[in-house]
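# An overview of the molecular structure
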Amino acid sequence: MKTRPIALLAALAAMAGLPACSSPQSEQAGSDAGEPAQAPDGLAIETAEVMEIDGVPLGSVPGTITLPPEARVAVTAPFPGAAVRVYVIEGQRVARGDPLALVRAAEPVQISGELARARSAEKLAEARAKRLAQLAEEGIIAEARADEAQAEYEQARATRAEAARLAALGGIGPDGTMTLAAPISGRVAHVGVETGGGVDGMGAPFVIEADGAYQVELQLPERLAREVRPGMAVEIALPGADGGALQVGGRIIAVAPSIDPATRSVMARASIGAAPGVGAGRNVSVMIRGGGAGLAVPERAVSRIGGADHVFVREGEDWAPRPVVVGAVGGGQAVIAEGLEAGETVAASSIAELKAMSAE
């Protein structure tokens, strides 16, 4: 009779040591509450704020970097001869007036002699004109003779000036050689002569490209042809030295008045500044900015759900998909026409995981 209470106490103690259990049905009921999908534990989500921006991107178009017509200058020799020395190579930077080559020719020797004779003749004519003018003033000779001497002096001065211009044109030195110099500062784009080689007065042995002068030829699709105007800002993204993106800005300077019937596009031209990576002939993507204001989010924040654009907006501790209307995309940004307000927080990463959760 006394053993039954002891056995009962032992049984209760054993039951208290068992682990607690919950039914699967209760867990399922708790998860289907219809709340916005929450980020699972450990999922890092990069966020971005809906920003107000000026100069709404109209879109990105292909372009090719070129040099404007005035940026390329050919250096020619005024007289044919032989290159005694060549001072530069292709790709070298030069300043205005830097020597490019030393050329020896027959004409510079003749011009140097003519210039010396012209200077001597000018001095003699000047002295004679002054002497006869003094005599005419004293009444010793007729004024006609003084006027004649003055005309001879004017003629001698014009002859000397002509010879000096020819000498300066060829950079003629005392020994009759001529120095070809850079007319502008920039980069030597072409060297067409070697030391000892001939220099023809009809060809251009050197071509200099100006620094800091670049343009971009754009091909605008028909949908943008009526929106793009001269003066609009453009941006070009180039890879930077640190692995990031380098933004190069510029302006639209010209838009063709008609559409090409073959490509259904309009040619335009923009000017841009010099920057690392900018070079003639490079194909780039050009973003064109309009003049209005709008709201923008990172382009990676926009995702297609059910055939429509959506972004995931933070609502408290949750992330809810919201349909939006994208007005334009460019430069890594998406301009939102409808669906968002400035200051709201959107998800800029882990979009695929959030889409999967919202579909559950």
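The Sequence similarities (unreviewed entry) field of the UniProt record for the protein chain holds the comment "Belongs to the membrane fusion protein (MFP) (TC 8.A.1) family."

Moving on: the overall build of the protein chain. Scanning the protein chain for helices and strands turns up six helices and 23 strands. Taking contacts inside the protein chain between residues at least 6 apart in sequence as the whole, the part at least 24 apart equals 73%. As displayed, the protein chain offers around 20,900 Å² of accessible surface, 53% of which is attributable to carbon and sulfur atoms.

What follows covers helix H6 (residues 351-359). Residues of H6 that are buried include every one of Ile 351, Leu 354 and Met 357, and no others. Axial view of H6: buried residues confined to an arc of 125°, hence all on one face. Structural note: H6 exposes Ala 352 and Ala 359 on the side pointing more than 90 degrees away from its buried face. At its buried positions, H6 is contacted by strand E18 (303-305), strand E19 (308-315), strand E20 (318-323) and strand E23 (345-347).

Pairing is antiparallel across the open sheet formed by four strands, whose spatial order is E8-E7-E5-E10. Of all strands in the sheet, those bounded by a partner on one side alone are strand E8 (177-181) and strand E10 (198-199). Bridge analysis of strand E5 (residues 81-86) against strand E7 (residues 99-104) gives four bridges, and the strand direction is antiparallel. In the strand pairing of E7, Val 86 is matched with Ala 101.

What follows concerns the nonpolar core. With 27 residues, the main nonpolar core has Leu 218 and Ile 288 as its most contacted residues. For this core, the elements supplying multiple residues, two or more each, are strand E3 (57-66), strand E12 (214-221), helix H5 (222-225), strand E13 (233-239), strand E14 (245-255), strand E15 (265-272) and strand E16 (283-289). Ile 288 has contacts with Val 56, Pro 57, Leu 58, Gly 59, Val 61, Leu 218, Leu 220, Val 228, Met 232, Ala 233 and Val 234, leaving out every residue within four places of it along the chain. Listed in part, the 24 residues of the second largest apolar core include Val 75, Ala 77, Val 94 and Met 178.

Before going further, it helps to examine unusual backbone geometry. One non-glycine residue, Arg 264, lies in the positive phi region at around 55°. Counting through the fold element by element, Arg 264 comes out in the loop between E14 and E15. Owing to a relative accessible area of 43%, Arg 264 belongs among the partly exposed residues under this scheme.

Tallying each qualifying case throughout the model produces 12 salt bridges. Among the ionic pairs, Glu 222 bridges to Arg 264, the shortest N-O distance being 3.0 Å. Taken together, the residues span a long stretch of sequence, with Glu 222 in helix H5 and Arg 264 in the loop between E14 and E15 at a distance of 42 residues. Asp 309 serves as the salt-bridge partner of Arg 304, at 3.0 Å between the closest nitrogen and oxygen. On the accessibility criterion, Asp 309 (18% relative accessible area) is buried. Linked through salt bridges whose partners overlap, the residues forming this network are Arg 72, Arg 187 and Glu 209.

A few words on the sheet that holds strand E6 (residues 93-94). In space, the four strands of this open sheet follow the order E4-E11-E9-E6, with antiparallel pairing throughout. Bordering the open sheet on either side are strand E4 (72-75) and E6, each of which pairs with just one other strand.

This brings us to the side chain of Thr 66. Of note, Thr 66 is situated in strand E3. At 3.5 Å, the side chain of Thr 66 and the side chain of Arg 269 are in polar contact. Ignoring anything within four residues of it in the chain, the contact list for Thr 66 reads Tyr 214, Gln 215, Glu 217 and Arg 269.

Across the protein chain, the average pLDDT comes to 81, with 84% of residues at or above 70. When the criterion is pLDDT under 50, residues 1-38 qualifies, and its contacts beyond four places in sequence or with other chains add up to 11 contacts.

Attention shifts here to the pairing of E12. Pairing between E3 and E12: four bridges, direction antiparallel. When the sheet's bridge partners are listed, Thr 66 is paired in E12 with Gln 215. Judged from the eight bridges that link them, E12 and E15 form a sheet pairing that is antiparallel. When the sheet's bridge partners are listed, Leu 220 is paired in E15 with Val 266.

In this fold, Gly 281 is placed in the loop between E15 and E16. Residues Gly 281 and Ile 65 lie 216 residues apart in sequence; the distance between their C-alpha atoms is 5.4 Å. Gly 281 has contacts with Thr 64 and Ile 65, leaving out every residue within four places of it along the chain.

Moving on, we get to helix H3 (residues 106-137). The end-to-end C-alpha distance of H3 is 47 Å, a good match for the 46 Å that 32 residues give at a rise of 1.5 Å each. Residues Pro 108, Ile 111, Leu 115, Ala 118, Glu 122, Ala 125, Ala 129, Leu 132 and Ala 136 constitute the buried set of H3. Just past H3, the residue Gly 139 takes up positive phi, approximately 80°.

What counts and what doesn't
Per chain, residue numbering runs from 1 following the sequence as it is written. Per-residue local features of the predicted model are confined to residues with pLDDT of at least 70, and side-chain atom pairs are confined, for both listing and counting, to 80 or more; whole-chain, interface and lining totals are unaffected and use all residues. Each side-chain value is worked out from all heavy atoms of the structure, with water and hydrogens disregarded. UniProt positions are given in the numbering used here, feature names are shortened, and annotations may be inferred rather than shown by experiment. The helix and strand labels rest on DSSP assignments: H or I over at least four residues marks a helix, E over at least two residues marks a strand, and numbering proceeds from the N terminus. Two residues form a contact once any of their heavy atoms are found within 4.5 Å. Note on areas: Shrake-Rupley, 1.4 Å probe, and residue coverage restricted to the protein chains presented here. Burial classes: relative accessible area under 20% of the type maximum marks a residue as buried, over 50% as exposed, and values in between as partly exposed (1.4 Å probe, protein chains only). What the arc measures is the spread of directions leading from the helix axis to the C-beta atoms. A strand pair is defined by DSSP finding two or more bridges across the two strands. Within this scheme, the nonpolar core is defined by two criteria: the residues are buried Ala, Val, Leu, Ile, Met, Phe, Trp, Tyr or Cys, and they are joined through side-chain atoms within 4.5 Å. Salt bridge criterion: a side-chain nitrogen from Lys or Arg within 4 Å of a carboxyl oxygen from Asp or Glu. In the analysis that follows, any N or O atom pair within 3.5 Å is treated as a polar contact, provided that within protein one partner can donate a hydrogen and the other can accept it, and provided that, for residues neighboring in sequence, both atoms belong to side chains. As a per-residue measure, pLDDT tells how confident the predictor is, with possible values from 0 to 100. Helices are assigned an expected span. That span is 1.5 Å times one less than the residue count.

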